[in-house]
Amino acid sequence: MTLIYNAKIVDKNKSVKGSILIDGKKIKSVLTKKETDEFLFESDLNIDLIDAKGMVVLPSFIDMHSHFRDPGFTQKEDLESGINSAIAGGYGAVVLMPNTNPVVSSLELAEKNHQKAKSMGKCRVFQSVSITSDFKGESVEHISNLDSKKVPLITEDGKEVESAAVMLKGMKLAAEKKIIVSCHCEDPKLAAQARELRAESLKSLSQGNKKDAEKFLQEANSLLELAEDTMTVRNIQIAKKAGCHVHICHVSTSGSIEAVRQAKKLGLNVTAEITPHHFSLTGQKAPGIFNIVNPPLRTEDDRQSLLKAIKDGTCDVIATDHAPHTVQDKLNGAPGFPGLETSFAAGYTNLVETKVINLKKLSALMSANPADILGLKNVALIEPGYFANLTIVDLNKTWKVKGEDFASRGKITAFEGKTLKGQVVKTIYEGQIVYSL
């Protein structure tokens, strides 16, 4: 048995002082200080003790949106480095995107990553499957062969299903299988124009013309705002017709989050995620505009709309969109950066410390809500009988982000040099310490 004592215990329902007794993989009991003293006095068992004085114990986090690049792009990340990054960030479960090589378009390919991750015994992995076979935008028949317990979510993340007819067929099949359709909402034709403008920006930078480079990116980002807003509305409408649960990825604009809000008011089965970089940072002008990510970092007005959505419940989940690249790839304009190791601290610094939400709500957004959406049982709360997937954090610790220190292979982050508050000290997975600072 293991006893975590002197702790402040926080989940979506509680914020109390006490101890957590772990027996095997599960929580046996949550004790008050008096109950802890009585237990230790009466117990003759050999118990491992973890003194959490000054610390907070939370349910481990669950990420609905990570790229581990395995198979095919393991120079950027692989399952081992990705899982090590996850546990360093306090995560006990992650949903992986299928934009690998080959594209994960079958239960068999998904199961390969499930088994590899299971053998490591550090973090639970759910490998998502593509909406269309091999991302070709045509066939969706493979969805019929999926098991929602093994693959709770399908997505074309990194791109969009261009054909509304194909998306409708895919969503209908997903509804029959009770599988979530997670949408990267981005009009493909507008996105292609934006990529051309980004290429012009890189060219201008290489010629030393930073002003023109910034202008090209502003034009690209304006197109990508329209690309996101139009496809968010389209995908919600198709999901309504199909009767499926649609999850809107990395919402970044005022228009898109308002579309989600209105859909929820109509009672549609819509959930949405916001990333830490979108609620923490802006990218309308230099230097932030040069942090290339899809969707882009937006305006301060957009950021404020996202904060409102987090506060009023329009946003269901904080998801990282962990997207590591090599240094050379980033220099060549690859969009995205690692997010697992900065996610909690960014949330605590920019949401809790600023009094947008409290710590219980942050726990809900990072643990209980994604667990509910994914249908995970007996996780994400600190209660007897629940799995002992726990994260111990020091809320008083301030630290400066240095990408070179990440466990992820991706070292370039938009948070580079930022001072954040709240640091993950230990991660416990099914009763075992898998990460310790």
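Structure shown above.
Since this is a predicted model, take the numbers as computed values, not measurements. (Residues numbered from 1 in each chain as written. Predicted model: local features only at pLDDT ≥ 70, side-chain atom pairs only at ≥ 80, totals over all residues. Heavy atoms only, no water.)

Visitor: An account of the pattern of salt bridges is needed here, citing residue identities and associated values.
Guide: Side chains that differ in charge, positive against negative, can pair when their charged atoms come close. A full pass over the atoms with the stated rule returns 17 salt bridges. The salt bridge partner of K264 is D316, with a shortest N-O separation of 2.6 Å. Of this pair, K264 sits in helix α7 (residues 254–265) while D316 is found in the loop between α9 (300–312) and β13 (317–318), placing the two residues 52 residues apart along the sequence. K264 gets classed as partly exposed once you look at its relative accessible area, which sits at 25%. Under the relative-accessibility criterion, D316 is labelled buried at 14%. Two residues, K421 and E353, come together in a salt bridge whose shortest N-O distance is 3.4 Å. Here K421 is found in strand β15 (residues 419–429), whereas its partner E353 is found in the loop between α11 (343–352) and α12 (359–374), with 68 residues between them in sequence. (Salt bridge = Lys/Arg side-chain N within 4 Å of Asp/Glu carboxyl O. Helix = DSSP H or I, 4+ residues; strand = E, 2+ residues; numbered from the N terminus. Buried < 20%, exposed > 50% of the residue type's maximum accessible area, 1.4 Å probe, protein only.)

Visitor: Summarise the pairing of strand β12 (residues 270–274); cite the residues concerned and give the values.
Guide: Among the five residues in β12, five count as buried, and that is most of the element. Burial of β12 is two-sided: the residues V270, A272 and I274 facing one way and the residues T271 and E273 facing the other way are all buried. Bridge count between strand β11 (residues 246–248) and β12: three bridges; the pairing is parallel. Across the sheet, residue H247 finds its bridge partner in β12, namely T271. (Pairing = 2+ DSSP bridges.)

Visitor: Any details on the sheet that holds strand β6 (residues 61–66)? Residues and values, ideally.
Guide: If you walk across this open sheet you meet the three strands as β6-β7-β8, and the pairing is parallel. Because the sheet does not close on itself, it has two edges, and the strands there are β6 and β8 (124–127). Averaged over all adjacent pairs, the angle separating strand axes in this sheet is 15°, with direction ignored. Pairing of β6 with strand β7 (residues 91–96) involves four bridges; the strand directions are parallel. (Axes fitted to C-alpha atoms, helices over the stretch in contact; angles between N-to-C directions.)

Visitor: Let's hear about the packing of α11 against α12: which residues, and what values?
Guide: Interhelical geometry of α11 versus α12 gives an angle of 140° and a closest axis separation of 11 Å. Here α11 lies oblique to α12, going by the angle between them. Pair α11 / α12 crosses with right-handed handedness. Residues S343, F344, G347, Y348, L351 and V352 of α11 form the contact with α12, whose participating residues are L359, L362 and M366. A per-class count over the contact of α11 with α12 returns seven nonpolar, two polar and no charged. (Parallel < 35°, antiparallel > 145°, perpendicular 65-115°, else oblique. Left-handed = near helix turned anticlockwise from the far one by under 90°. Contact = heavy atoms within 4.5 Å. Nonpolar A, V, L, I, M, F, W, Y, C, P; charged D, E, K, R; others polar.)

Visitor: Before we move on, could you go through the side chain of N99 and cite the residues and values that matter?
Guide: Relative to the helices and strands, N99 is located in the loop between β7 and α3 (107–120). A polar side-chain atom of N99 sits 3.0 Å from a polar atom in the side chain of H67. Look past the residues within four positions of N99 in its chain and what remains in contact with it is H67, R69, F73, F135 and D157. (Polar contact = N/O pair within 3.5 Å; in protein donor to acceptor, adjacent residues only side chain to side chain.)

Visitor: Provide a residue-level description of helix α6 (residues 210–242), including the pertinent values.
Guide: Look at α6: 47 Å from first C-alpha to last across 33 residues, which is about the 48 Å you get at 1.5 Å a residue. One or two steps after α6, the chain reaches G243, where phi turns positive at roughly 70°. (Expected span 1.5 Å × (residues − 1).)

Visitor: Give a description of the packing of aromatic side chains that names residues and reports values.
Guide: In total, this model carries three aromatic pairs according to the counting rule given. Consider the rings of F61 and F344, whose centres lie 5.4 Å apart with planes at 10°: the pair is stacked. Of this pair, F61 sits in strand β6 while F344 is found in helix α11, placing the two residues 283 residues apart along the sequence. As far as the burial class goes, F61 and F344 line up, both buried. Grouping aromatic residues by their ring pairs yields a cluster made of F61, Y91, F344 and Y348. (Phe/Tyr/Trp six-rings, centres within 6.5 Å; stacked < 30°, edge-to-face > 60°.)

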